[in-house]
Amino acid sequence: MAAPGDINLLLIGKSGNGLSSTWKTITGQDDIEIRGGWTAVTPNYQVGQIQVGERIIKVVDTPGILQDSPARIKLMLSSVAQACKRFPEGFNAIILVLSYSGRFNEGHSIIIDSLKNTLGKKDWLKTHGIVVVTSGDNFQRDFSDSKLTFKDWCKEQKGFMNQILQDCNFRCILIDNVTNDQDLMKRQRQDLISIVDKMQGGRIVISEGENSSIERIMSILWEFRKWVGVGVLFVCVMVIINTGPFSRHLH
């Protein structure tokens, strides 16, 4: 049996859910390598890595989106596209960061549906998605007197959260991003690596040609943002991609 190789991870999520703190927890780093500026014009992302045994774990953090901010949604998609250029070999997993202390609602569907188009893969959550739930310290506090485990809690979820968990085959992990316990941080990192190692989808890749075309489409549509809403903007992207040269990659 071949030894497991290096791992590339892509983090996505809404602002306030703990994207950057999750990045720091996984990489064990505080210093951040920023590509681009924090503006709606220049795509940016954060890159970090850590060596675990003989393996290199690389983690890319993208800007969190705001549900009512088309600028942040465009920035997130542009950052994903730029990160895919830097990592042409692809990503082993795409991590959707949610917060136990936050609200699980349809606002996250903007992220999921947008990535279907940017990555050219409708079922990315099923094949490459992992859900990380932050605020693990609050979860432990709330259920300190209960026998309810995080796994049981996941199975009890309803509505949108339940749908997400089903779509990713319940690949879900609870993370405490505020702990200073080095042993706990190592266990959390190893639990995540174990989930990735059990996945059978290989790496998800987007070609440079598709990447450039998608960015051009987004740039053109962005010019019309004053006259159309966010929903219309992404419906246009979906129609163009599904009926254009990218449609053969969607399955």
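Procedures and definitions
- Residues numbered from 1 in each chain as written.
- Predicted model: local features only at pLDDT ≥ 70, side-chain atom pairs only at ≥ 80, totals over all residues.
- Heavy atoms only, no water.
- Helix = DSSP H or I, 4+ residues; strand = E, 2+ residues; numbered from the N terminus.
- Buried < 20%, exposed > 50% of the residue type's maximum accessible area, 1.4 Å probe, protein only.
- Expected span 1.5 Å × (residues − 1).
- Arc of directions from axis to C-beta.
- Polar contact = N/O pair within 3.5 Å; in protein donor to acceptor, adjacent residues only side chain to side chain.
- Pairing = 2+ DSSP bridges.
- Phe/Tyr/Trp six-rings, centres within 6.5 Å; stacked < 30°, edge-to-face > 60°.
- Salt bridge = Lys/Arg side-chain N within 4 Å of Asp/Glu carboxyl O.
- Lys, Arg positive; Asp, Glu negative; His and termini not counted.
- Contact = heavy atoms within 4.5 Å.

Side note on unusual backbone geometry
The backbone of Ser135 sits at a positive phi, close to 65°, despite the residue not being glycine. Of note in this structure, Phe170 is not a glycine but carries a positive phi near 55°. Within the secondary structure, Phe170 is located in the loop between α7 (159-167) and β7 (172-174). On the basis of relative accessibility, which here comes to 38%, the residue Phe170 falls in the partly exposed class.

Structural notes on helix α8 (residues 182-198)
Taking 1.5 Å per residue as the helical rise, α8 with its 17 residues ought to reach 24 Å, and the 25 Å between its terminal C-alpha atoms agrees with that figure. Residues of α8 that are buried include every one of Met185, Gln188, Arg189, Leu192, Ile193, Ile195 and Val196, and no others. All buried residues of α8 project into a common sector of 155° when viewed along the axis, lining one side. Those residues of α8 that are exposed and angled more than 90 degrees off the buried face are Lys186 and Lys198. Structurally, the start of α8 carries an N-cap: the backbone nitrogen of Asp183 is 2.9 Å from a side-chain oxygen of Asp181.

Considering the pairing of strand β4 (residues 55-61)
In regular strands, side chains alternate between the two faces of the sheet. Where burial is concerned, most of β4 is hidden: 6 out of the 7 residues are buried. Bridge analysis of strand β1 (residues 7-13) against β4 gives 5 bridges, and the strand direction is parallel. Bridge assignment links Leu11 to a residue of β4, and that residue is Asp61. Sheet analysis places strand β3 (residues 45-52) next to β4, joined by 7 bridges and oriented antiparallel. Each residue of the ladder has a partner; that of Gln46, found in β4, is Asp61. Hairpin connection from β3 to β4: 2 residues lie between these consecutive antiparallel strands, with Gly53 at a positive phi of about 65°.

Notes on the packing of aromatic side chains
Considering all chains together, one arrives at 7 aromatic pairs under this definition. Relative to Phe91, the ring of Phe87 has its centre 5.4 Å away and its plane inclined at 45°; by these criteria the two rings are tilted. One exposure class covers both Phe87 and Phe91, and it is buried. Ring plane angle 80° and centroid distance 5.9 Å describe the contact between Phe139 and Trp153, whose orientation is recorded as edge-to-face. Taken together, the residues span a long stretch of sequence, with Phe139 in helix α5 (residues 136-142) and Trp153 in helix α6 (residues 150-156) at a distance of 14 residues. The structure contains a cluster of three or more aromatic residues connected by ring pairs, namely Tyr100, Phe139, Phe143, Phe150 and Trp153.

Considering the pattern of salt bridges
Tallied over the entire structure, the rule returns 2 salt bridges. Here Asp142 ties to Arg141 by a salt bridge, and the two come within 3.3 Å at their closest N and O atoms. Looking at Arg141, the relative accessible area reads 55%, which means it is exposed.

Side note on the side chain of Arg171
Structurally, the position occupied by Arg171 is in the loop between α7 and β7. Of the side chains with opposite charge, Asp123 comes closest to the buried, unpaired Arg171, at an N-O distance of 9.4 Å. One polar contact links the side chain of Arg171 to the main-chain carbonyl oxygen of Leu125, over a distance of 3.2 Å. Ignoring anything within four residues of it in the chain, the contact list for Arg171 reads Leu125, Lys126, Thr127, His128, Gly129, Ile130, Val131, Ile195 and Met199.

Keep in mind that these numbers describe shape and distance, not what the molecule does.
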